[in-house]
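Structural overview
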Amino acid sequence: MGPTSGANLTNYAGANPPVVVNLSSPGVYQTAGPVPGSVLQPGVYPVAYTAVSCNGLPSLCEFNVTVTAGNPILECPDDLIVSADIDVCTRVVNGLAPYQGLGCASIINYSFTSPVTNTVFETNSTTIGTHNIPDGIEFELGTTTITYNMLIDINGDGDYGDPNENQTCDFNIIVEDDQLPDAKCLDVDLHLNNFGEGTVFAAEMANQIYLDGGSLDNCSIAELTISKDNTTFTPSLNFDCSEKGQNVILLKVIDGSGNISYCKAVFNVIDFLDVFKLDLDVPEVCFEPFQDTFDFSKYIVIAKPDGVNISHANVGTLGP
Ligand SMILES: [Ca+2]
Ligand SMILES: [Ca+2]
């Protein structure tokens, strides 16, 4: 005949709710529990029907309706290997939802620690139907292990302590640096010392001649080396008088992931004395009879590159 006032219509999801009737004539009545057509959360719902015969004697039938979410399984995505985004050392990744486990009755949380800055990301939702997915996050270079946790009250007893009600799985996002470094070279001069020797360095070094002009990488630069022959690369190179003039030196830049770039530096090796000016200002001299030598040293003027004159007697103090 229909539901009586003891039945529960609050979860009825259809267009035309059943009409509540009074148990007043022979027939079958639903006297307790959610009516057919209800959408129910997981749980146990006692249902009762009462049959009234034509003699007016009721007969009661009771049973439980148990709603479960099935046998939900949490299944993580497969491991993912991606390149860092252009000019940065991170990668924004989307599409990381679990393959299985998203349902109206489940709660999904995630946690992970970023591999470079050790930042902890985690969610702790407790609202049924909430699914936290780490989409749109900048994942750092290296391997990030993401752990998903799924809570679901399968037997509807109000806790998550029963078998399969608290599941975890994890998967990895591996961000790689595939972008080459940007090698930048300086064109510089090297003044040999008064022993005819000089050293040039690959990387910037205080009070030294170096060739790196501010090379860049999206992640990190691991190594700077230089070479005269394009074969043997070292952090520094020595030069001597035999290499005076223009040299082309190759600078090799290696980033933290082993990507390599090169640039060429045009490099002048300058003799120690090239930067000094020598002037001989000799007065008119008359040799004595039988004299065959004359000391001109007191008439020589040596100017250092900074314009300071050096007397002959102090020549030995020049140089480093
Ligand atoms: Ca439970
Ligand atoms: Ca790189």
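Cut-offs and rules
Residues numbered from 1 in each chain as written. Chains lettered and ligands numbered in written order. Predicted model: local features only at pLDDT ≥ 70, side-chain atom pairs only at ≥ 80, totals over all residues. Helix = DSSP H or I, 4+ residues; strand = E, 2+ residues; numbered from the N terminus. Rg over C-alpha atoms; globule rule 2.2 N^0.38 Å. Buried ≥ 20, exposed ≤ 12 C-beta atoms within 10 Å, placed from the backbone. Pairing = 2+ DSSP bridges. Contact = placed C-beta atoms within 7 Å. Core = buried A, V, L, I, M, F, W, Y, C linked by C-beta atoms within 7 Å. Axes fitted to C-alpha atoms, helices over the stretch in contact; angles between N-to-C directions.

Considerations on the overall build of the protein
Helix and strand counts for the protein stand at 0 helices and 22 strands. Relative to the 2.2 N^0.38 estimate, which gives 20 Å for 320 residues, the radius of gyration of the protein is 44 Å and therefore markedly larger than a compact globule would have. Expressed along its principal axes, the backbone C-alpha trace of the protein runs to roughly 170 × 35 × 30 Å. For the protein, the residues scored as buried account for 19% of the 320 residues in total.

Focus: the sheet that holds strand β15 (residues 209–210)
In spatial order, the strands read β15-β14-β17; together these 3 strands make up an open sheet with mixed pairing. Each of the sheet's edge strands pairs with one partner strand only, and the pair in question is β15 and β17 (236–240).

Observations concerning the pairing of strand β4 (residues 43–52)
One ladder, built from 5 bridges, connects strand β3 (residues 27–34) with β4; its direction is antiparallel. Residue pairing in the sheet places Q30 in a bridge with Y49 of β4. Connecting the antiparallel pair β4 and strand β5 (residues 58–67) is a turn made up of 5 residues, with G56 showing a positive phi of about 90°.

A word on unusual backbone geometry
You will see that D87, though not glycine, has its phi angle at about 65°, which is positive. The residue D87 is located in the loop between β6 (80–83) and β7 (90–93) in this model. One non-glycine residue with positive phi stands out, namely N230, at about 65°. Looking at where N230 falls in the secondary structure, it is placed in the loop between β16 (221–227) and β17. By C-beta crowding, N230 is classed as exposed, having 12 other C-beta atoms within 10 Å.

Concerning the environment of L40
By the element assignment, L40 lies in the loop between β3 and β4. Residues L40 and T10, spaced 30 residues apart in sequence, show a C-alpha to C-alpha distance of 10.0 Å. Those residues in contact with L40 that sit more than four places away from it in its chain are N11, P34, Y45 and V67.

Some details on the nonpolar core
Soluble globular proteins: nonpolar side chains tend toward being buried together. Ranked by internal contacts, the top residues of the largest apolar core, which has 18 residues, are A84, L141, I146, Y148, M150 and V175. Of all elements in the fold, only β8 (106–113), β10 (137–140), β11 (142–152) and β12 (166–176) reach the threshold of two or more residues within this core. Setting aside its immediate chain neighbours within four residues, V175 contacts V82, A84, T90, R91, F139, E140, L141 and G142. Membership of the second largest hydrophobic core comes to 17 residues, among which are F239, I249, A265 and V269.

Looking at the environment of A51
Positionally, A51 belongs in strand β4. Considering only alpha carbons, one finds A51 and G307, 256 residues apart in sequence, at a separation of 121 Å.

Examining the environment of I173
Secondary-structure assignment places I173 in strand β12. Residue classification places I173 among the buried positions, given that 23 C-beta atoms sit within 10 Å. With 27 residues separating them along the chain, I173 and I146 place their C-alpha atoms 7.7 Å apart. Setting aside residues up to four positions removed in sequence, I173 forms contacts with L80, V93, F139, T144 and I146.

Here we look at the sheet that holds β8
Read from one edge to the other, the open sheet built from 5 strands follows the order β6-β12-β11-β8-β9, with strand pairing classed as mixed. The strands lining the two open edges of the sheet, one partner per strand, are β6 and β9 (120–122). On average, adjacent strands in this sheet sit at an angle of 20° to one another, irrespective of strand direction. Inspection of the sheet shows β8 paired to β9 by 3 bridges, in the antiparallel sense. Across the sheet, T113 pairs through a bridge with V120, a residue of β9.

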